[in-house]
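Residue-level structural notes
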Amino acid sequence: MSQTYLTTEELSERIKYDARTIRNQLKDSVLLEGVHYFRPFGGRKILYVWEKIEADMFRAPAINTQLISLQ
């Protein structure tokens, strides 16, 4: 299985979020280590797994938007 590994800057270009926002707000709250990213060879560098992130971006929202539209 082939996966696409991205740096923070490359991910930033794909999802149109600032790299600082990814590092400070999304990492470890929405993007989880071991699921969406990893640190190769136990180092400091972070590589994001594009296929995992893309799949989660298109999942159903946590809030039921149909109920909101009925109000």
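From a predicted model like this one, the values you see are computed outputs, not experimental measurements.

1. Here we look at the pattern of salt bridges
Enumeration over the complete set of coordinates arrives at 5 salt bridges. One salt bridge connects R23 with E9, and the closest N-O pair in it is separated by 3.2 Å. Remark: E9 occurs in helix α1 (residues 8–15) and R23 occurs in helix α2 (residues 19–26); sequence separation between them is 14 residues. Between D56 and R59 there is a salt bridge; the shortest N-O distance is 2.7 Å. With relative accessibility at 32%, the residue D56 sits in the partly exposed group.

2. Remarks on the side chain of S12
With respect to the helices, strands and loops of the structure, S12 is situated in helix α1. Residue S12 is classed as buried on the basis of its relative accessible area of 14%. For S12, the contacting residues outside a window of four places in its chain are Y17, D18, A19 and I22.

Cut-off values and rules
Residues numbered from 1 in each chain as written. Predicted model: local features only at pLDDT ≥ 70, side-chain atom pairs only at ≥ 80, totals over all residues. Heavy atoms only, no water. Salt bridge = Lys/Arg side-chain N within 4 Å of Asp/Glu carboxyl O. Helix = DSSP H or I, 4+ residues; strand = E, 2+ residues; numbered from the N terminus. Buried < 20%, exposed > 50% of the residue type's maximum accessible area, 1.4 Å probe, protein only. Contact = heavy atoms within 4.5 Å.

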